[in-house]
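Working through the structure, step by step
Residues per chain, in single letters:
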Amino acid sequence: MTGYIIKRLFVAIPTILLLIVFSFFLMHAAPGGPFTSERALPPQVLANINAKYGLDQPLIKQLIDYIWGIATRFDFGPSFVYPDQTVNSIIAQGFPVTLTYGFLSAIVAVLVGVTLGVVAAVRHNTWLDSLAVGVSVGAQVLPNFVMAPILVLVFTLWLRWLPGGGWGGPSYIIMPVIALSTSYMASIARITRSSMLEVMNSNHIRTAKAKGLPMRRIVMKHALKPSLLPVISYLGPAFVGMITGSVVIDVFFSTGGIGKFFVDSALNRDYAVMMGITILLGALTIAFNLLVDILYAWIDPKIRY
């Protein structure tokens, strides 16, 4: 396993390098630039600004300087829109916020989703199954851009229990976590239910029932682990999606997370911020896929790398 992890880490380096190269050229291929707007700057002023940020250099030299800065100083460069901030400071400012509610959303989605799926499978064709399926379907049809205003309407405007936006204590985290985790929870519940139903009809579960083992022991010891394999596959990209946050959550609840910076950088052609956040998302995706592969081997001993 150690050798496999080291090999995957070595593969991750050229993968991230390719991500940087493609993202860099795609962003520069788009028309316009960070300092072009409806009101054009005088040519000399524009030339001075481009020279300050190195945008007057050939693209290849800009790319090499950018990669060299990351590799040697972990420096993603200055922001083109926020003159007093660097990309590192913007990520350091927004990512902890997004990581906090994203991680809590992942925990809520997994705990509630797996519980609903297991209950629905064990109590198949009963009212509990119908209730769990109904809750999952209801949560699935309410994406976060619908759930967020509903939560604000009910808990902020009507009941006045929770603040409608901002970032501070635990009361500011509850609604972003609910809005972000709901649809993921529904998907996890559906996957767990179908996988658990298949496992519960397998031969070794029938044998356990024939021996008279309690249902709780059958589920927890013999059925739960193998039924989680497809859930683990789904959790890799889902974790990245939740931890990197949602643009809707950051914008709607004004959390100050990284999603709003990403949208603003795309609209303002802030190349450096876009590149920094894109590299962060790519690195997280690679890391969580590696974690999923390791969990696969832990859950199913037959899997060897």
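Here the structure is a predicted model, which means the values were calculated and not measured.

Some remarks on the overall build of the chain
Summing up its helical and strand segments, the chain has 13 helices and 0 strands in all. Secondary structure elements in the chain, listed N-terminal to C-terminal, are α-α-α-α-α-α-α-α-α-α-α-α-α. Oriented by its inertia axes, the alpha-carbon framework of the chain measures out at about 85 × 55 × 30 Å. Counting only contacts in the chain whose residues sit at least 6 apart along the sequence, the fraction spanning at least 24 positions is 73%. Here the chain has roughly 16,600 Å² of accessible surface; of this, 69% comes from carbon and sulfur atoms. Treating the 21 positive side-chain charges of the chain as one cloud and the 12 negative ones as another, the clouds have centres 18 Å apart.

Looking at the UniProt feature "transmembrane region" (unreviewed entry) in the chain
UniProt records the feature "transmembrane region" (unreviewed entry) for residues 9-30, 101-122, 131-159, 171-191, 227-253 and 273-299 in the present numbering. As annotated, residues 101-122 comprises 100% helix and 0% strand, and the C-alpha atoms at either end are separated by 31 Å. Span residues 273-299 is 100% helix and 0% strand, its end C-alpha atoms 39 Å apart.

Notes on the pattern of salt bridges
Enumeration according to the criterion identifies 4 salt bridges in this entry. The salt bridge involving Asp 65 is made with Lys 61; its shortest N-O contact spans 2.9 Å. Here the residue Asp 65 and the residue Lys 61 both occupy positions in helix H3 (residues 59-73), the gap between them amounting to 4 residues, near one helical turn. On the accessibility criterion, Lys 61 (39% relative accessible area) is partly exposed. With its nearest N and O atoms 2.9 Å apart, the salt bridge here joins Arg 193 to Asp 129. Placement of the pair is Arg 193 in helix H7 (residues 174-200) and Asp 129 in helix H5 (residues 127-140), with a sequence separation of 64 residues.

Things to note about the packing of helix H9 (residues 215-227) against helix H10 (residues 229-243)
The interhelical angle for the contact between H9 and H10, taken along N-to-C directions, is 40°, at an axis separation of 4 Å. If you check the angle between H9 and H10, you find them oblique. Contact with H9, carried on its side by Lys 225, Pro 226 and Ser 227, involves Leu 229, Pro 230 and Val 231 of H10 and no other residues of that element. Across the contact of H9 with H10, the residue classes break down as 4 nonpolar, 1 polar and 1 charged.

Details of the nonpolar core
As a rule of thumb, nonpolar side chains are buried together in soluble globular proteins. The biggest cluster of nonpolar side chains holds 48 residues, and the ones touching the most others in it are Tyr 101, Ala 179, Met 196 and Phe 253. The element that contributes the greatest number of residues to this core is H7, accounting for 13 residues. Core analysis: the next-biggest nonpolar cluster, separate from the first, contains 27 residues, Ile 20, Ile 258, Ile 279 and Leu 284 among them.

Looking at the packing of aromatic side chains
All told, the structure shown has 7 aromatic pairs when counted by the stated rule. Ring centres of Phe 24 and Phe 25 lie 5.6 Å apart, and the angle between their planes is 90°; on these two criteria the pair is classed as edge-to-face. Look at Phe 25 and you get partly exposed, because its relative accessible area is 31%. Here a set of aromatic residues connected by ring pairs shows up, and it is made of Tyr 53, Phe 80 and Tyr 271.

Quick word on helix H12 (residues 258-268)
Considered for burial, the residues of H12 that qualify are Ile 258, Gly 259, Phe 261, Asp 264 and Ser 265. For H12, the elements touching its buried residues are helix H4 (87-122), helix H11 (247-253) and helix H13 (271-299). Looking one or two residues beyond H12, the residue adopting positive phi is Arg 269, at roughly 55°.

Here is what the cut-offs are and how they apply
Residues numbered from 1 in each chain as written. Predicted model: local features only at pLDDT ≥ 70, side-chain atom pairs only at ≥ 80, totals over all residues. Heavy atoms only, no water. Helix = DSSP H or I, 4+ residues; strand = E, 2+ residues; numbered from the N terminus. Contact = heavy atoms within 4.5 Å. Areas by Shrake-Rupley, 256 points an atom, 1.4 Å probe, with all protein chains shown as cover. Lys, Arg positive; Asp, Glu negative; His and termini not counted. Charge placed at Lys NZ, Arg CZ, Asp CG, Glu CD. UniProt positions renumbered as here; feature names shortened; annotations may be inferred. Salt bridge = Lys/Arg side-chain N within 4 Å of Asp/Glu carboxyl O. Buried < 20%, exposed > 50% of the residue type's maximum accessible area, 1.4 Å probe, protein only. Axes fitted to C-alpha atoms, helices over the stretch in contact; angles between N-to-C directions. Parallel < 35°, antiparallel > 145°, perpendicular 65-115°, else oblique. Nonpolar A, V, L, I, M, F, W, Y, C, P; charged D, E, K, R; others polar. Core = buried A, V, L, I, M, F, W, Y, C linked by side-chain atoms within 4.5 Å. Phe/Tyr/Trp six-rings, centres within 6.5 Å; stacked < 30°, edge-to-face > 60°.

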